[in-house]
Amino acid sequence: LLYVFHENTNLGGKSQVKSKVRPPRLGGDKVGLFATRTPHRPNPIGLSLVKLDRIKDGVLYLSGLDLLDGTPILDVKPYLPPTDSVPVHEARVAAWFQELPFVDNVTVSICDEAASQLRFHVRDLEFYHTYEEVWSALQEILRFDIRSLT
């Protein structure tokens, strides 16, 4: 899925793009922006691998998106394993990412008040039908984009 980082603060010359950024899990260390997935880029085009759940009446129903509501979509491309995947032994990953500790065991918690609010608002959601579905998705997102481990 190709899209525009429409909330990017660098759009329209508002500010200059920095060549070094601080990924959330690096404790303040800087790395080159092209070695990260920062939305603050010279070109505000984003790319995400998403799952096509179904097509109904010409509407694509996708999951696994990491977009803001209202994000402009530029194009949808198919995933073709022979051309879009790389054997693990040939893949090059940013050195800083390889050095990060594995975080799959991180516990994500929610206070009672937030859980209550989430339960109330589930009825307004289009793609999630139960509190458990929403909470599971939130936990997955927060495990891999956690801002603080404390």
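For the structure itself, look to the data block above.
Residues numbered from 1 in each chain as written. Predicted model: local features only at pLDDT ≥ 70, side-chain atom pairs only at ≥ 80, totals over all residues. Heavy atoms only, no water.

**A few points about the side chain of Thr71**
Part 1 of the reasoning: Tracing the backbone through its elements, the reader meets Thr71 in the loop between β6 (59–63) and β7 (73–75).
Part 2 of the reasoning: Given a relative accessible area of 14%, Thr71 falls into the buried group.
Part 3 of the reasoning: Apart from the residues within four sequence positions on either side, Thr71 is in contact with Tyr3, Val4 and His6. (Helix = DSSP H or I, 4+ residues; strand = E, 2+ residues; numbered from the N terminus. Buried < 20%, exposed > 50% of the residue type's maximum accessible area, 1.4 Å probe, protein only. Contact = heavy atoms within 4.5 Å.)

**Re the nonpolar core**
Part 1 of the reasoning: In this structure, Val108, Ala115, Leu118, Val122, Tyr131, Val134 and Trp135 together form the largest nonpolar core, which totals seven residues.
Part 2 of the reasoning: Those elements that place two or more of their residues in this core are α3 (112–121) and α4 (131–144).
Part 3 of the reasoning: At three residues, the largest contribution of residues to this core is made by α4.
Part 4 of the reasoning: Every residue in contact with Val122, bar those within four places of it in the chain, is listed here: Tyr128, His129, Thr130, Tyr131 and Val134. (Core = buried A, V, L, I, M, F, W, Y, C linked by side-chain atoms within 4.5 Å.)

**Re unusual backbone geometry**
Part 1 of the reasoning: For Asp57, which is not a glycine, the phi torsion comes out positive at approximately 55°.
Part 2 of the reasoning: Its location among the elements puts Asp57 in the loop between β5 (51–56) and β6.
Part 3 of the reasoning: Classification of Asp57 as exposed rests on a relative accessible area of 74%.

**Observations concerning the pattern of salt bridges**
Part 1 of the reasoning: Tallied over the entire structure, the rule returns two salt bridges.
Part 2 of the reasoning: Asp53 is paired through a salt bridge with Lys51; the nearest N and O atoms lie 3.8 Å apart.
Part 3 of the reasoning: A salt bridge links Lys77 to Asp75, with the shortest nitrogen-to-oxygen separation between them at 2.8 Å.
Part 4 of the reasoning: According to the relative accessible area criterion, Asp75 is partly exposed, its value standing at 30%. (Salt bridge = Lys/Arg side-chain N within 4 Å of Asp/Glu carboxyl O.)

**Digging into the sheet that holds β7**
Part 1 of the reasoning: Spatially, β4-β1-β7 is the arrangement adopted by the three strands of the open sheet, whose pairing is antiparallel. Each having just a single partner strand, β4 (45–47) and β7 make up the two edges of the open sheet. Geometrically, the sheet is characterised by an average inter-axis angle of 35° between neighbouring strands, direction not taken into account.
Part 2 of the reasoning: Summarising the sheet, strand β1 (residues 2–4) and β4 pair through three bridges and their orientation is antiparallel. When the bridges of β4 are listed, Val4 appears paired with Ile45. (Pairing = 2+ DSSP bridges. Axes fitted to C-alpha atoms, helices over the stretch in contact; angles between N-to-C directions.)

**Here we look at the environment of Leu2**
Part 1 of the reasoning: Mapped onto the fold, Leu2 is located in strand β1.
Part 2 of the reasoning: Classification of Leu2 by relative accessible area gives partly exposed; the value is 24%.
Part 3 of the reasoning: In the structure, Leu2 is positioned 44 residues away from Gly46 in sequence and 5.6 Å away in space, judged by C-alpha atoms.
Part 4 of the reasoning: Apart from the residues within four sequence positions on either side, Leu2 is in contact with Ile45, Gly46, Leu47, Ile73, Leu74, Asp75 and Lys77.

In short, geometric facts, not functional conclusions.
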